[in-house]
Amino acid sequence: MSQITIQNLHFTYDGDHTPVFEGLDLQLDTNWKLGLVGRNGRGKTTLLRLLAGELEGQGTVSLRQPCIRWPRPVADPSRRTLDILLEGVPPEEEWRLSWELSKLGLGETALDRPFATLSGGEQTRALLAVLFLDEGAYPMIDEPTNHLDGPGRALVADYLRGLDRGFLLVSHDRAFLDGCVDHILALNPTGPELVRGTFSSWFRDKEDRDRGEAARNEKLKREIRRLERAAADRRQKADAVERAKTGISKDGIVKHGLRPYLGEKSRKGQQQRKNIERRADRAVQEKSGLLKDIERSDSLKLTPLTYHSARLLEGRDLAVTYPGMAGKPVCFTLDQGTASVWTEATVPARAAFCVCFWGRRSPTSGPCGRRRG
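These remarks concern the structure in this document.

Procedures and definitions
Residues numbered from 1 in each chain as written. Predicted model: local features only at pLDDT ≥ 70, side-chain atom pairs only at ≥ 80, totals over all residues. Heavy atoms only, no water. Helix = DSSP H or I, 4+ residues; strand = E, 2+ residues; numbered from the N terminus. Buried < 20%, exposed > 50% of the residue type's maximum accessible area, 1.4 Å probe, protein only. Contact = heavy atoms within 4.5 Å. Areas by Shrake-Rupley, 256 points an atom, 1.4 Å probe, with all protein chains shown as cover. Axes fitted to C-alpha atoms, helices over the stretch in contact; angles between N-to-C directions. Parallel < 35°, antiparallel > 145°, perpendicular 65-115°, else oblique. Nonpolar A, V, L, I, M, F, W, Y, C, P; charged D, E, K, R; others polar. Left-handed = near helix turned anticlockwise from the far one by under 90°. Pairing = 2+ DSSP bridges. Patch = residues over 30% accessible without salt bridge, like charges linked within 9 Å, V, L, I, M, F, W, Y side chains within 5 Å. Salt bridge = Lys/Arg side-chain N within 4 Å of Asp/Glu carboxyl O. Lys, Arg positive; Asp, Glu negative; His and termini not counted. Charge placed at Lys NZ, Arg CZ, Asp CG, Glu CD.

The number of helices and strands found in the protein chain is ten helices and twelve strands. Looking at the protein chain residue by residue over its 373 residues, the buried ones come to 37%. The long-range fraction of contacts in the protein chain, counting pairs at least 24 apart against all pairs at least 6 apart in sequence, stands at 67%. Carbon and sulfur atoms make up 50% of the accessible area of the protein chain, which totals about 22,300 Å².

The next thing to look at is the packing of helix 5 (residues 120–131) against helix 6 (residues 150–161). Axis angle and axis distance: for two packed helices, these are the angle between their axes and the distance between the axes, and together they describe the pair. Their axes nearest at 11 Å, the elements helix 5 and helix 6 cross at an angle of 5 degrees. One element, helix 5, and the other, helix 6, form an angle in the roughly parallel class. Judged by residue contacts, R125, L128 and A129 of helix 5 engage L155, V156 and Y159 from helix 6. Class assignment of the residues belonging to the contact of helix 5 with helix 6 gives a composition of five nonpolar, no polar and one charged.

Position of C331 relative to the elements: it lies in strand 11 (residues 330–335). Dropping the residues within four chain positions of it, C331 is found in contact with G315, R316 and D317.

Across residues other than glycine, the phi torsion is negative in most instances, and most of the peptide bonds are trans. Note that the residue after W70, namely P71, is joined by a cis bond; omega there is 5 degrees. Within the secondary structure layout, P71 lies in the loop between strand 5 (67–70) and helix 2 (81–85). The phi torsion at N8 lies on the positive side, around 50 degrees, for a residue other than glycine. One can find N8 in strand 1 (residues 3–11). Overall, the relative accessible area of 46% leaves N8 in the partly exposed class. One non-glycine residue, E143, lies in positive phi territory at about 50 degrees.

Take the packing of helix 3 (residues 94–103) against helix 5 next. As a packed pair, helix 3 and helix 5 sit with axes 9 Å apart at the nearest point and diverge in direction by 140 degrees. Relative to helix 5, helix 3 is oriented oblique. Here helix 3 runs over helix 5; the crossing is right-handed. The segment helix 3 lies against helix 5, with L97, E100 and L101 engaging A126, A129 and V130. Residues of the contact of helix 3 with helix 5, tallied by class, amount to five nonpolar, no polar and one charged.

Judged by pairing direction, the sheet is mixed, and its six strands sit side by side in the order 5-6-7-3-8-9 without closing on themselves. Two strands lie at the open edges of the sheet, namely strand 5 and strand 9 (191–196), each paired on one side alone. This sheet shows a mean twist of 20 degrees between the axes of neighbouring strands, independent of strand direction. Taken together, the three bridges between strand 6 (residues 138–142) and strand 7 (residues 167–170) define a ladder with parallel strand orientation.

This brings us to a positive patch on the surface. A surface patch of like charges, here positive, comprises K219, R222, R225 and R229. Within the secondary structure, R225 is located in helix 8 (residues 199–244). Classification of R225 by relative accessible area gives partly exposed; the value is 43%.

Moving on, we come to the pattern of salt bridges. Opposite charge on two side chains makes pairing possible when the charged atoms of those side chains draw close. Per the stated rule, a full pass over the model turns up 15 salt bridges. A salt bridge links R209 to E193; the nearest nitrogen and oxygen atoms lie 3.3 Å apart. Of this pair, R209 sits in helix 8 while E193 sits in strand 9, and the two are 16 residues apart along the sequence. Note on E193: relative accessible area 17%, which makes it buried. One network of salt bridges, with partners in common, ties together R49, E54, R69 and D142.

Structural data, given as structure tokens:
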């Protein structure tokens, strides 16, 4: 078992006034299959780069083994895939590479092709196989699902789950994280949160905590309003008593002998007012500590233009080729007022179809009906 210890880490990018990390403290076990989550801009990739030595911050980062960040660029993708993968692999370890590649569904046919001709998913799986050959380094994987379709994500998740070693994985794919991690490190607005379990178990706990804080927040808002009204009422009464200490009523009647009594009554009233205001201040302070880890996003409002035709887009056995892969034929329609979600295709495949929809290229096969305007 090896440990990664981070103490009082500070880091800010040059030219930026907002720190990415301020006084970060963490202790990680390299045997964990650790999922790193957080909204964009929270410092996920920055943390990986700091651990890999690509960036330098202020503080202490103690490593007992080097950390390797994936993916690493391929210098010459026109070379044969197998030759690229074997770089730096001792001859006695070549059998292990073949074994890892087979578990990731890559055969000899793909390995004999130039690396550039492989699909994004094949490139991802090939480079992952090489990553885990180095047992002396700690693997850190940054967004491996970008070029994987549904079956490819399931295959890679199964592969990572079956490993007998740990890794650090950055991903926004919740199902993928659930399929392969046993710990979650969340970079929250108030600081890091490290828990044992899957993404779903951590997220359920977070939602329960957020709901509890939201309910407490509403209760405190009501309490603060009540205390403010009570303090204002007590202040008004105390001031009226203070004015009466002169011994003259509002009608001009002299009240002899009341000054000591009214003075004590005024003192008690002012003290009660101060006590109420202190209670309100405590409630405001408690309220300010709530809801800081609730992630909010602005609502997206779309106002589509009306069109004279109900059918906007239609494809029949439509196929589009993109680098390294022949697209599968698809059939679809898109009408006004409807929305479509495409989940199975990889990012390059979806991009290739979108370019076709926009009329910037022709499909490989099948008609694509797009309404003008």
